Amino acid sequence: MGVEGIGASVVRKEDKRFITGKGRYVDDVKLVGMTHAHFVRSPHAHARVKSIDSAAAAQMPGVIAVLTGSELVADKIGNLICGWAITSKDGSPMKMGAWPAMAPETVRFVGQAVAVVIAETKNQARDAAEAVAVDYEELPVVADIKAAIAPGAVQLHPEAPGNVIYDWHIGDQGATDAAFKSAANVVSLDVVNNRLVPNAMEPRAAVADYDTAEEHYTLYTTSQNPHVARLVLSAFYNVAPEHKLRVIAPDVGGGFGSKIYIYPEEMVALWASKKVSRPVKWTGDRSEAFLTDAHGRDHLTHAEMAFDKDNKITGLRVKTHANLGAYMSLFSSSVPTYLYATLLSGQYNIPAIYAEVMTVYTNTTPVDAYRGAGRPEASYLLERMLETAARQLNVDPAELRRKNFITQFPHQTPVIMAYDVGDFNASLDSAMKAIDYAGFPARKAKAKSEGKLRGIGLSCYIEACGIAPSKAVGSLGAGVGLWESAEVRVNPVGTIEVLTGSHSHGQGHETVFAQLIAERLGISINQVQIVHGDTDKVQFGMGTYGSRSAAVGLTAILKAMEKVEAKAKKIAAHQLEASEGDIVIENGEFKVTGTDKSIVLPMVALAAYTAHNLPDGMEPGLKESAFYDPTNFTFPAGTYICELEVDPGTGKTSFVNFVAADDFGRLLNPMIVEGQVHGGLAQGIGQALLEHAVFDVNGQPVTASFMDYTMPRADDLPSFKLSHTTTLCPGNPLGVKGCGEAGAIGSSAAVINAITDAIGHNKLEMPATPDRVWHAIHG
Amino acid sequence: MSTIKLTVNGKAVSAEVEDRTLLVNLLRDHLNLTGTHVGCDTSQCGACTVHIDGQAVKSCTVLAGQANGSSVTTIEGIAKGDELHPMQAAFRDNHGLQCGFCTPGMIMSAIGIVHRHGGNLDEATVRHELEGNICRCTGYHNIVRAVLDAASRMKVAQAAE
């Protein structure tokens, strides 16, 4: 490892612009002649749009146009789609209701757009939007899962009888039933996985620019995957043809999944820029983010686990209802199915699993992938189940887990996933040591003497990253392939540009990806520029989500780099009159082994471009590209342990210690990896203690601002103690697994298990607010 | 409409703005100082924090007119040429930022914290004082380390002056 190579905690190249205020986010983009959009949104959760009167608004100062859903229909703009097909138990396809970008007839959640005002200034657009008179006929509302599936519930979409989108299952029902019949003990548990709002700090935004002469569109947008946005906007929404659409995702202020999807507002801005023949900017405010960014989680689950007389798990039965909101967002269908139920084996050897998942429509904001996406729900369920079982079976929770750990790899679970490698005992040991697990009973007793209830909670998570072999996801219903692409360009002066289809919105790719090049060539990361987020520059890309950028995106760069190195070695050998097999690359030079002959990288590059003296038949230039499709998911895993105290007088919890022991395979930049873990832990702890997106029975959101929705703040959280154990991922040449979501996946169960340990029973749901905890203690 | 005259990052500026214009919009839209960000609409997130006459203030809670005649410092105005402010350097060195969106407000708030507390900062104080700034990426762990690091760097710098 060089000082800037793989494994070094290099400070980030991108930081200078962020700490000096020179970051360039979408709302910072200003174009000549730019107009501003403001949307007219439904105040009702379910209503028929009887009429829209925009006459008064159209006369207001600065107003250029007021556009409605019927004009979208007239222009043959397509409905929003869900791109992952799920098939129900009975063989029928999922029931997708139509989702127009602006509702021409029916609104199904509070905040759904019905019209947009385009004006000279943002304030003028906002003022005029207030003057658009929409006449609604209110309809009955279903605001949660139970209401949606109740007999006689109002139907949201004619396509989905009973508001059911699909009723899906996985696993072997017969084998699972048999396991329960012969079980020595059965443990059952009901859990709620609370709905969350992603709340990336930068609200979504779009600047759309239509060039009337070239009939060409440019869209600056807050996207985790600009190429996917271009594909969907052209192929499915019919807004612009793909070769006439450039999508640029510049600096993006966090995503956490919420910026994967192509939303109505961005699509309308693009369409409107042609309607008014001027650039159109829309920047969402935080209220709009709460109303319209795809939410996360929202599951109700009943589960049972069967044990034999030796406390070995013999079966798991799960029934989950998931709320997908009013419409099916882009990847919503995959989250409670293939990203959730396939992880239900956890770190455990479970011979038989059967899971059923029913998804429903409700009059709420659409739900899709949010950091972890299905895997936090699986991990939370399993780890609460193991904790509950340990107490019911009267065994130590760590020992019950250890007894059931998978220890032989590869391991085929009963729910599709084939774990390639891992060492679950190692991470459990590391976490137990870090928190002094053995000393806990004494600490608990001491706390008790001081009037405090102390608890300790474990969570041994596993997740699947690096989504994934295109052939495999295709067979499961995915509408896209999930490879990644990269291009490595060595310039004639020897500097290097790497163009990647991954997108960095906080992950530090500009540094980590450059570290790989520095490592391979023995040069400084300052000679390397990482280019991403622009469909006119980067050949293609599937973007960043599911912790895939290192395992898939960086491997694509490595594959392109290997081609560059092979060609460069041929050129160097030719120049040095040596055999290609004798050329090694060290410290930015191509050397002939065993001699003092060498040629520096810039001279090799120059030779490639002058092309005066290349091997016979070789094309000029030094630039290669690669598409990389992985052979399997990767499987990060680890143990989190939380120790905390509950004040029985107030129900308030205070952290004593939080330790995380993760196995992410090879660490590319430990500083960045730890930062990813910290952020994930905060989101998981936020779910456990603070965050909850609440709708009342009328479908009105009651937590739609930072005044009402409790975001984790600095004094809500402890400092974290992290450690790492390592088993290298055999599925990619870098040995990396992925670290972006683990914290959010594993931490919520550790917190709740600690509180339930403290209060002595497990009747507690997230978020465990002081009010809920107090009532759990005092009844 | 009103004419607002103020000093921003040491330079006298004036702008003709609607009376309802917030200071943050004056900075971003009229003066092109886009380092100051808007992350919410309820004065909760702190991404818009600037200094007005040396005090850390959320610029979304101040009308541009209220800042008339004052001296405003933004994230663009705290480095001395190529020399970063110690707080900026500490955020970089401690990996106190990821997506960078909350960062300008965090840095401006954090400088205010150090100014108010001098060298008498500990983790609990920093965490409490950062309550008005929301970060979704870092879990605050490295932000807290950065502020404590910067506090000692600023103390050293002050002692040297």
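Here the structure is a predicted model, which means the values were calculated and not measured. (Residues numbered from 1 in each chain as written. Chains lettered and ligands numbered in written order. Predicted model: local features only at pLDDT ≥ 70, side-chain atom pairs only at ≥ 80, totals over all residues.)

Take the packing of helix H2 (residues 86-93) of chain B against helix H5 (residues 141-160) of chain B next. All names here are of chain B. Between H2 and H5, whose axes approach to 8 Å, the crossing angle comes to 140 degrees. Along this stretch, H2 crosses H5, giving a crossing that reads as right-handed. For the pair H2 and H5, contact is made by Pro86, Met87, Ala90 and Phe91 and by Ala146, Asp149, Ala150, Arg153, Met154 and Ala157, respectively. Its residues assigned to classes, the contact of H2 with H5 shows eight nonpolar, no polar and two charged. (Axes fitted to C-alpha atoms, helices over the stretch in contact; angles between N-to-C directions. Helix = DSSP H or I, 4+ residues; strand = E, 2+ residues; numbered from the N terminus. Left-handed = near helix turned anticlockwise from the far one by under 90°. Contact = placed C-beta atoms within 7 Å. Nonpolar A, V, L, I, M, F, W, Y, C, P; charged D, E, K, R; others polar.)

Moving on: the interface of chain B and chain A. Listed by partner, the interface residues are 44 residues for chain B and 41 residues for chain A. Ranked by residue count, the leading element in the side of chain B that touches chain A is H2 of chain B, at four residues. Looking at side-chain class alone, the side of chain B that touches chain A contains 19 nonpolar, 16 polar and nine charged residues.

What follows deals with the domain arrangement of chain A. Residues and elements named next belong to chain A. Once the domains are mapped, chain A shows domain 1 (31-139 + 202-253 + 259-292), domain 2 (299-468 + 632-778) and domain 3 (483-628). One C-alpha centre belongs to domain 2, the other to domain 3; they are set 40 Å apart. Residues of the side of domain 2 that touches domain 3, tallied by class, amount to 10 nonpolar, six polar and two charged. (Domains from an automatic or database assignment.)

Now for the nonpolar core. All names here are of chain A. Membership of the largest hydrophobic core comes to 312 residues, with the highest contact counts inside it found for Val116, Val117 and Ile557. Broken down by element, the residue count for this core peaks at 13 residues, all from helix H16 (residues 549-576). Once residues lying within four places of it in the same chain are set aside, the contact partners of Val117 are Ala37, His38, Val40, Ala57, Val63, Val66, Ala125, Ala128, Ala129 and Val132. (Core = buried A, V, L, I, M, F, W, Y, C linked by C-beta atoms within 7 Å. Buried ≥ 20, exposed ≤ 12 C-beta atoms within 10 Å, placed from the backbone.)

Another point: unusual backbone geometry. All names here are of chain A. The omega angle of the peptide bond from Phe409 to Pro410 is 0 degrees, so this bond is cis rather than trans. Position of Pro410 relative to the elements: it lies in the loop between helix H11 (397-404) and strand E16 (411-412). In the Ramachandran plot, Lys76 falls in the positive-phi region, its phi being about 60 degrees despite a non-glycine side chain. One non-glycine residue with positive phi stands out, namely Ser547, at about 50 degrees. Within the secondary structure, Ser547 sits in the loop between strand E21 (528-531) and H16. For Ser547, a count of 30 C-beta atoms within 10 Å corresponds to the buried category.

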